[in-house]
Protein chains: 2
Amino acid sequence: MNVQIGKQSLQFAEAPYIISSASIVGKKEGEGPLGNCFDVVGDDDKFGQNTWEEAESTLQKEAFTMAVGKAGLKPEDIRYLFSGDLLGQNIATSFGLMDCQVPIFGLYGACSTCGEALSLGAMCVAGGYADYVVSMTSSHFASAEKQFRFPLEYANQRPLSATWTVTGSGAYVLGKQRSKARITGITTGKIVDYGIKDSMNMGAAMAPAAADVICRHLSDFGRAVEEYDKIITGDLGTVGQEILWDLTRQSGYDISGVHEDCGIKIYDAKKQGTGAGGSGCGCSAVTLSAHYLKMVEEAKYKRILFVPTGALLSTVSFNEGMTVPGIAHAVVIEHS
Amino acid sequence: MNVQIGKQSLQFAEAPYIISSASIVGKKEGEGPLGNCFDVVGDDDKFGQNTWEEAESTLQKEAFTMAVGKAGLKPEDIRYLFSGDLLGQNIATSFGLMDCQVPIFGLYGACSTCGEALSLGAMCVAGGYADYVVSMTSSHFASAEKQFRFPLEYANQRPLSATWTVTGSGAYVLGKQRSKARITGITTGKIVDYGIKDSMNMGAAMAPAAADVICRHLSDFGRAVEEYDKIITGDLGTVGQEILWDLTRQSGYDISGVHEDCGIKIYDAKKQGTGAGGSGCGCSAVTLSAHYLKMVEEAKYKRILFVPTGALLSTVSFNEGMTVPGIAHAVVIEHS
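Residues numbered from 1 in each chain as written. Chains lettered and ligands numbered in written order. Predicted model: local features only at pLDDT ≥ 70, side-chain atom pairs only at ≥ 80, totals over all residues.

Moving on, we get to the overall build of chain A. Scanning chain A from N- to C-terminus turns up eleven helices and 17 strands. Radius of gyration (C-alpha) of chain A: 18 Å, near the 20 Å computed for a compact globule of 336 residues. Over its C-alpha atoms, taken along the principal directions, chain A stretches across nearly 55 × 50 × 35 Å. Buried residues in chain A amount to 65% of all 336 residues. Intrachain contacts of chain A at a sequence separation of at least 6 include 79% that bridge at least 24 residues. (Helix = DSSP H or I, 4+ residues; strand = E, 2+ residues; numbered from the N terminus. Rg over C-alpha atoms; globule rule 2.2 N^0.38 Å. Buried ≥ 20, exposed ≤ 12 C-beta atoms within 10 Å, placed from the backbone. Contact = placed C-beta atoms within 7 Å.)

Laying chain B over chain A is done by rotating through 180° and shifting 0.0 Å along the axis; what remains is an RMSD of 0.0 Å. The transformation just described matches what one would write down for a two-fold rotation axis. Mapped onto chain A, 100% of the interface residues of chain B again fall at the interface, so both copies present the same surface. (Least-squares fit on C-alpha atoms with pLDDT ≥ 70 in both.)

The partner chain A presents 48 residues to the 48 residues of chain B that form the contact. Per-class residue counts for the side of chain B that touches chain A are 25 nonpolar, 18 polar and five charged. (Nonpolar A, V, L, I, M, F, W, Y, C, P; charged D, E, K, R; others polar.)

Every other side chain in a regular strand lies on the same face of the sheet, so the side chains alternate between the two faces. All names here are of chain A. Examined bridge by bridge, strand β11 (residues 230–233) and strand β14 (residues 303–307) share four bridges and lie parallel to one another. Looking at the pairing, K230 lines up with I304 of β14. For the handedness criterion, the β-α-β arrangement of β11, helix α7 (residues 237–250) and strand β12 (residues 259–261) is classed as right-handed. (Pairing = 2+ DSSP bridges. Right-handed = clockwise from strand over helix to strand, strands pointing away.)

Our next topic: the environment of B:G42. All names here are of chain B. For G42, the location among the structural elements is in the loop between β4 (40–41) and α2 (52–70). Accessibility expressed as a C-beta count within 10 Å gives 21 for G42, which makes it buried. Through-space distance from the C-alpha of G42 to that of T167 is 9.7 Å; in sequence the pair is 125 residues apart. Here G42 is in contact with G26, K27 and F47, once residues within four sequence places are set aside.

On to the domain arrangement of chain A, then. Quite often, the size of an interface is put as the accessible area lost when its parts meet. All names here are of chain A. Split into domains, chain A comes out as domain 1 (3–175) and domain 2 (181–335). Its C-alpha centre places domain 1 at a distance of 17 Å from the equivalent point of domain 2. Counting from both sides, the interface comprises 56 residues of domain 1 and, opposite them, 60 residues of domain 2. Sort the elements by how many residues they give to the side of domain 1 that touches domain 2 and helix α4 (residues 113–126) lands first, with seven residues. Looking at side-chain class alone, the side of domain 1 that touches domain 2 contains 27 nonpolar, 22 polar and seven charged residues. (Domains from an automatic or database assignment.)

Residues and elements named next belong to chain B. Over its 20 residues, helix α6 (residues 202–221) runs 29 Å from end to end, which matches the ideal 28 Å to within 8%, given 1.5 Å per residue. A large share of α6 lies buried, amounting to 17 of its 20 residues. Just downstream of α6 lies G222, where phi reads positive at about 60°. (Expected span 1.5 Å × (residues − 1).)

In this section: the packing of α6(B) against helix α7 (residues 237–250) of chain B. For any two helices packed against each other, the geometry is given by the interaxial angle and the distance between the axes. Residue and element names in this part refer to chain B. Interhelical geometry of α6 versus α7 gives an angle of 40° and a closest axis separation of 8 Å. Classified by the angle their axes make, α6 and α7 are oblique. The element α6 and its partner α7 pack so that their crossing is right-handed. For the pair formed by α6 and α7, the contact residues are G203, A204, M206, A207, P208, A210, A211, I214 and C215 on the first element and G237, V239, G240, I243, L244, L247 and T248 on the second. Partitioning the contact of α6 with α7 into residue classes produces twelve nonpolar, four polar and no charged. (Axes fitted to C-alpha atoms, helices over the stretch in contact; angles between N-to-C directions. Parallel < 35°, antiparallel > 145°, perpendicular 65-115°, else oblique. Left-handed = near helix turned anticlockwise from the far one by under 90°.)

Bridge count between strand β11 (residues 230–233) of chain B and strand β12 (residues 259–261) of chain B: three bridges; the pairing is parallel. Along β12(B), the bridge assignment pairs B:I232 with B:E260.

What follows covers the environment of B:G263. Residue and element names in this part refer to chain B. With respect to the helices and strands, G263 occurs in helix α8 (residues 262–266). For G263, a count of 34 C-beta atoms within 10 Å corresponds to the buried category. Spatially, the C-alpha atom of G263 lies 19 Å from that of S21, the residues being 242 residues apart in sequence. Residue contacts for G263: discarding those within four places in its chain leaves T163, G234, D235, L236, G237, G277, G278, S279 and C283.

A positive phi is found at A:F47, a non-glycine position, where the angle reads about 45°. Position of A:F47 relative to the elements: it lies in the loop between β4 (40–41) and α2 (52–70). Even without glycine at this site, B:A110 takes up a positive phi of about 50°. Considering the arrangement of structural elements, one finds B:A110 in the loop between β6 (104–106) and α4 (113–126).

Here the focus is the nonpolar core. Here is a general trend for soluble globular proteins: nonpolar side chains tend to be buried in one another's company. A:A67, A:V134, A:A210, B:A67, B:V134 and B:A210 are the most contacted members of the largest nonpolar core, which totals 240 residues. If we ignore the near neighbours within four places in the chain, the residues touching A:A210 are A:T233, A:L236, A:L244, A:V307, A:T309 and A:A328. (Core = buried A, V, L, I, M, F, W, Y, C linked by C-beta atoms within 7 Å.)

Examined against the element boundaries, A:T93 turns out to sit in helix α3 (residues 91–97). Separated by 167 residues in the primary sequence, A:T93 and A:E260 place their C-alpha atoms 28 Å from one another.

Right, let's talk about helix α5 (residues 141–148) of chain A for a bit. Those residues of α5(A) lying buried are A:F141, A:S143, A:A144, A:Q147 and A:F148. When α5(A) is viewed along its axis, its buried side chains cluster within an angular range of 165° and face the same direction. (Arc of directions from axis to C-beta.)

Here it is in C-alpha cells:
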C-alpha cells in the first residue's frame, strides 16, 4: 500500500526504479566541470535545426530516444510520457515528442518540471498504471533568452545575480524492472511567494519554495538532514543558495553540510561567465542524469533528495508588475 | 487492482467520485443557451481586476473556492491541485491558485487540459495517493486574444472557421466519498499532426486527435458507440465536428448520433456571432460542470465519454511556420 505521509508527502510501497537516463547538452555545458559526464555534447547549439525552438525540440527527441534505448526498450513499450519545458504553450515538448507516438501528459512547473515529471511518473508506475514511463524536460539558452529576456542579437548586459539557462534535455525511464536506483518517496510543493519582483534574481524568488518543501519533507518523513548524503536543488545559484541555507536554519535544519545546487555544479561560473549559475528545466534534468544518479547507482550516495526549483513568471506577468512566486518538488532517490 | 486496458486506457478498480464541481463564466457565456446553468455569471469580464490575466486568475480562485465549498471541505482538505491554462508559463493558474496553499501539479494540454487534469486527478485518487484532489482549468477571451491573436483594441476581423475563447473556469473535487457520478476509466491521447497550418481553423487541427482517442478508447474497452449516451468533445466547433464524424466513420465508428461538442453547446453561434463555436480550456470545463455532469448525476445519462480537445501551438511556433498538432484526452463518467 502506498502511504500518504504528513501533509504533502508520499512513500511508495513498491518504489519505482529509475531504469535508465540520458542527457544531451550544448557546447557551453560540455565545456563545464561535468563535460565528460553527459551522453551527448552538441558542438552546434542549433543541433542541425533552423530555429532555437526546433533545436530544443530536437534535444527532447534525442534524450527520449537515448533513454529508451539504454533501457533496452522501444518507444511503443512506454505507456506514458511526462514532459514540459519553459517556452510558451510548451512547444519544445509538443514538437519534440510528437513523433514518439506515446500518450503524453504535458506539464508546466517552470524549472521545477523535472521534479514534477519524476513525481507523477513515479506515482503512475507505483499505482500500477504503467510498466514503463518516461519523465523528462528541456531548456535551451537561446530560446529561453528570446522567451524571457531579449533575443541574443540585442547583446544585452546581465547583472551578476542573473543565471544562465542550460541548453540540455534529460530523460528518465521509470518502471518496475530492477535497477540500481529507485524513487522511494516524494514531497510535492506549494507555490510560495515572497514578493520578489526582480526577474534577474530568480535564485531569491525560488529559495523560499525550496526551503519550504525541504523542511516539509524532513518533517513529513521524520528524518534528520544527516539521513541524506546530498540535498540537491535545481538552479538556485550562489545567491539563492545563501538564502536557502538561512531559511532552512530558521526552521531548525542546517543543510549547508549536504546541500549542492545543480546550477552551481554544472558551470565553472568564474571561467565561463555564467553569473550566479545555471538555470532552466534542463539544468537539474541533465545534472541528475550525468552526475548525481550515477553516484547513487554506484552506492557512493545511499540516499539523496533531489529538489528542482521553479520561478513562476512570464514576460506578461512581469510587465504587469506581478511578483515572481516560486515552486519546488522534492524526490527521494535511493540506491537499491 | 486498477487495470491497464489495451494500449492507452485505464479502468479504475475503485472508480473515484466527482464529489462536486463549480463553474464561473463571463457575460457572453451567461447570455448563451446554458446561461442559467452556471454557478456564477460575471457582469464585468475583468472580475474586479486591473488586467485580463488577473481576471482569469480570479476565475480560477473563485471556481476552486466554490467547488471545495460545495463538497463541504476546506482548502486544507485538498491534497493535490491539478490545473493549467492557455497563457504562456501558466500564469493564470500560478497567480490564481497561489493563495490556496495546496501542493500543485501545473499542467499544459492546451484546450484538452480539463481532460488531462481529470485523468491525473482520478489516477491520483484511485492510486490511494489522496482522499481529495481538485482538477480544474480556465480560459479568458481577452487574455487569449492577447496571447494568441491580437489585443482586443485592434478590432481585427475573424474568419467563420475561427472559434470564440470561452471566459470561464471549471473546477472538480474528486475523491473516494460517494456521490452520483464517478470516473470509471480514461484514455490518454497522443499528439496527432495532420499538417494543418491555419491557426484560425483549430477545429480542423484538433479533430484528428479527437477521432484517434475516441476510436482507441472504444477499441481498448471493446465497447460500441451505443454504450455511451453521449460522446462529448471539447471545442471542435461546427467545422471540426464534421471532420470528426468523417474520420471516426473511416475507422468504422459512426458517432454522429451521440456526439455533441461543448463549443457548439455553449453559445448560440448565429445570435452571438461566435463563429464556429466556443473554445479554450474553460469551454469544456464549464460546460461539463454546468450541463453534462448534471445529466449524469440525475441519471439522464448513464455513461458519457468526455473528450476535451487541444491545439498545440504558440505564436512563436505559428510564426516559424510550424503546423498545429492536436491532442485529446478521454474520460469516462458514469452515474453511480
